[in-house]
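What the coordinates show
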Amino acid sequence: MFSRRLKSGYFILEGLNSFSTVYYLYYFYFFMRTEHGYGNRANLLLAALNGAVYALMSWQGGRFAQRFGYFTSLKLGFGIMTAALAVGSQVHSASGHILIMAVTVVGMCFTWPTLEALVSEGETRVGVQRMVGIYNVTWAGTGAVAYFTGGAMLEKLGPQSLFYVPAAIQLGQLGLTLWLESKARRAVTVAVPNSFAPTPKPHPHPAARTRVFLRLAWLANP
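Scope of this entry: the structure provided in the associated data block. (Residues numbered from 1 in each chain as written. Predicted model: local features only at pLDDT ≥ 70, side-chain atom pairs only at ≥ 80, totals over all residues. Heavy atoms only, no water.)

**Quick look at the packing of helix α1 (residues 4-36) against helix α6 (residues 125-157)**
Contact pair α1 / α6: the axes reach a minimum separation of 8 Å and the direction vectors enclose 35°. As for how α1 packs across α6, the hand of that crossing is right-handed. For the contact of α1 with α6, the residue count by class is 15 nonpolar, 8 polar and 3 charged. (Axes fitted to C-alpha atoms, helices over the stretch in contact; angles between N-to-C directions. Helix = DSSP H or I, 4+ residues; strand = E, 2+ residues; numbered from the N terminus. Left-handed = near helix turned anticlockwise from the far one by under 90°. Nonpolar A, V, L, I, M, F, W, Y, C, P; charged D, E, K, R; others polar.)

Here you go:
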């Protein structure tokens, strides 16, 4: 479940997740300004709402992943974001878009703490530091790409791309998650060839070190 090859897949998920969420959430305020006349004060309140939802739900998302498994949490998060953004492309009211934003943030909270835990699982102390470093560079790099290209994408593809581009990426992440889950299950089966041995769960609870790291992620993300 935690081989280097699988972790490469987790980093790909992280990069795609960063690009899609940054594109949507950073440019959402420009969308609200041009489509619904929101000024700086109204957008500031939107940002505060975004932060409040994230602060609350990132804690719950981390707890969910710890209790029900990493892949279950990822599938739920990507599914929520895909559905919310797909609905958002058909919504025309300001209040409806605010609700879509909040639901998207809720979905996102089931993914970030989980991905942080996945890349750190099974590592030594030095390995955890290395993985966290790669994680941060991946997140910042792909987020920066979305930040610097988002304006041109909106101009070329139109305001609706704010919804269907991230929704398509999230759907792709859901498919990649299903593939990685099947690989992780196979890896667990190969690791225990004895047919009389108890079948290990594909989504074990994090080890003590990773549990601490996961809880730190709950605090750091908000």
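Anyway, onward from the coordinates.
**Things to note about the packing of aromatic side chains**
One pair of aromatic rings is described through two measures. These are the centre distance and the angle between the planes. Within the structure shown, the criterion is met by 13 aromatic pairs. Here the aromatic rings of Y27 and F30 are separated by 5.5 Å at their centres, their planes lie at 35°, and the arrangement is tilted. Here F30 and Y27 lie together in helix α1, a separation of 3 residues that amounts to about one turn. Exposure remark for Y27: the relative accessible area of 11% places this residue in the buried category. Residue F30 is classed as partly exposed on the basis of its relative accessible area of 41%. Residues F31 and F163 carry aromatic rings whose centres are separated by 5.4 Å and whose planes lie at 85° to one another, so their mutual orientation is edge-to-face. Highlighted residues: F31 in helix α1 and F163 in helix α7 (residues 161-191), separated in sequence by 132 residues. Since its relative accessible area comes to 6%, F31 is described here as buried. (Phe/Tyr/Trp six-rings, centres within 6.5 Å; stacked < 30°, edge-to-face > 60°. Buried < 20%, exposed > 50% of the residue type's maximum accessible area, 1.4 Å probe, protein only.)

**Considerations on the environment of I100**
For I100, the location among the structural elements is in helix α4 (residues 94-108). Classification of I100 by relative accessible area gives buried; the value is 8%. Leave out the neighbours within four places in its chain, and I100 touches Y24, A84, V87, G88 and V91. (Contact = heavy atoms within 4.5 Å.)

**Section: the nonpolar core**
Nonpolar side chains in soluble globular proteins tend to be buried together. Ranked by internal contacts, the top residues of the largest apolar core, which has 52 residues, are Y24, F28 and L162. Top contributing element to this core by residue count: α1, with 14 residues. Setting aside chain neighbours within four positions, we find F28 in contact with L46, H97, I98, M101 and L162. (Core = buried A, V, L, I, M, F, W, Y, C linked by side-chain atoms within 4.5 Å.)

**Some points on the packing of α1 against helix α3 (residues 70-88)**
Interhelical geometry of α1 versus α3 gives an angle of 30° and a closest axis separation of 13 Å. As summarised for this structure, α1 and α3 are arranged roughly parallel, according to the angle between their axes. Along this stretch, α1 crosses α3, giving a crossing that reads as left-handed. Together, Y10, L13, N17, T21 and Y24 of α1 and F71, L74, F78, M81 and L85 of α3 make up the contact between the two elements. Here the residues of the contact of α1 with α3 sort into 8 nonpolar, 2 polar and no charged. (Parallel < 35°, antiparallel > 145°, perpendicular 65-115°, else oblique.)

**Structural notes on a nonpolar patch on the surface**
Side chains of Y26, W139, Y147 and F148 sit close together on the surface and give an oily, nonpolar patch of about 500 Å² of accessible area. The element best represented in the nonpolar patch is α6, accounting for 3 residues. When its relative accessible area of 40% is taken as the criterion, W139 is described as partly exposed. (Patch = residues over 30% accessible without salt bridge, like charges linked within 9 Å, V, L, I, M, F, W, Y side chains within 5 Å. Areas by Shrake-Rupley, 256 points an atom, 1.4 Å probe, with all protein chains shown as cover. Salt bridge = Lys/Arg side-chain N within 4 Å of Asp/Glu carboxyl O.)

**What to know about the pattern of salt bridges**
Throughout the structure, instances matching the rule amount to 3 salt bridges. With its nearest N and O atoms 2.8 Å apart, the salt bridge here joins K7 to E123. Taken as a pair, K7 in helix α1 and E123 in the loop between α5 (112-120) and α6 lie far apart in primary sequence, 116 residues in all. There is no split in this pair, since K7 and E123 are both buried.

**Observations concerning α4**
Given a rise of 1.5 Å per residue, 15 residues ought to cover 21 Å, and the 21 Å separating the end C-alpha atoms of α4 matches this to within 8%. All of the buried residues in α4 are A94, G96, H97, I100, M101, A102, T104, V105, G107 and M108. (Expected span 1.5 Å × (residues − 1).)

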